[in-house]
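# Examination of the molecular architecture
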Amino acid sequence: MKITYDIQKIMKLLPHRYPFIMIDRIIELVPGEKVVALKNVTINEPFFQGHFPGEPIMPGVLIVEAMGQAGAILASESMDRGKKGSLIFFMGMDKVKFRKPVVPGDQLIFEIRFMKQRSQAFKMSGIASVDDKRVAQAELLATFGEKS
């Protein structure tokens, strides 16, 4: 069974809101294994006003943030019920590489996979692609915060 989420379901799982919610749809979720998420990059994004006037490029740190948000959904939907509703925080990023600029009109696809977990902390690998070409990659470390 293929699990997919629209933006309404995503906003029930993530605390982020405009202008900082960075994913539009979950197109595949396999709890405990991987998530595939989508972001439609439009010229209306507020960061394009200053990054860069006349040559809009999505900031790399926001691409990594989007990976983290997709990873938070994977973690949230993979963990036991006791962790449901907990915030998930970045602890670190390793092996981050940006390979190609992301511009308005692009459709970013994120594939995030679990690598390992220890108690409250977990490590995931992420790849961001546009038109099946890798534009960024990273390994993400995160942990659960206190349940609200």
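Fair warning: this is a prediction, and the values are worked out from it, not measured in the lab.

For any pair of aromatic rings, geometry is given as the distance between the ring centres together with the angle between the planes. Throughout the structure, instances matching the rule amount to three aromatic pairs. Each ring, one from Phe 114 and one from Phe 122, has its centre 5.9 Å from the other, and the planes form 80°; the classification is edge-to-face. For the pair Phe 122 and Phe 144, a centre-to-centre distance of 5.5 Å together with 55° between the ring planes defines the contact as tilted. With Phe 122 in strand β6 (residues 121–130) and Phe 144 in strand β7 (residues 133–147), the pair connects residues that are 22 residues apart, well separated along the chain. Take Phe 122: its relative accessible area is 2%, and that puts it in the buried class. It is Lys 9 that lies over the ring of Tyr 5; its NZ or CZ is 5.2 Å from the centre.

Scanning the entire structure with this criterion turns up six salt bridges. The residue Glu 111 makes a salt bridge to Arg 113 at a minimum N-O spacing of 2.9 Å. Given a relative accessible area of 29%, Glu 111 falls into the partly exposed group. Take Arg 113: its relative accessible area is 33%, and that puts it in the partly exposed class. Here Lys 123 makes a salt bridge to Glu 139, at a shortest N to O gap of 3.3 Å. Here Lys 123, found in strand β6, pairs with Glu 139, found in strand β7; they are 16 residues apart in sequence, far enough to count as distant. Pair check on accessibility: Lys 123 and Glu 139 agree, each one buried. The network of salt bridges with shared partners includes Glu 33, Glu 111 and Arg 113.

Cut-offs applied
Residues numbered from 1 in each chain as written. Predicted model: local features only at pLDDT ≥ 70, side-chain atom pairs only at ≥ 80, totals over all residues. Heavy atoms only, no water. Phe/Tyr/Trp six-rings, centres within 6.5 Å; stacked < 30°, edge-to-face > 60°. Helix = DSSP H or I, 4+ residues; strand = E, 2+ residues; numbered from the N terminus. Buried < 20%, exposed > 50% of the residue type's maximum accessible area, 1.4 Å probe, protein only. Lys NZ or Arg CZ within 6 Å of the ring centre and 35° of its normal. Salt bridge = Lys/Arg side-chain N within 4 Å of Asp/Glu carboxyl O.

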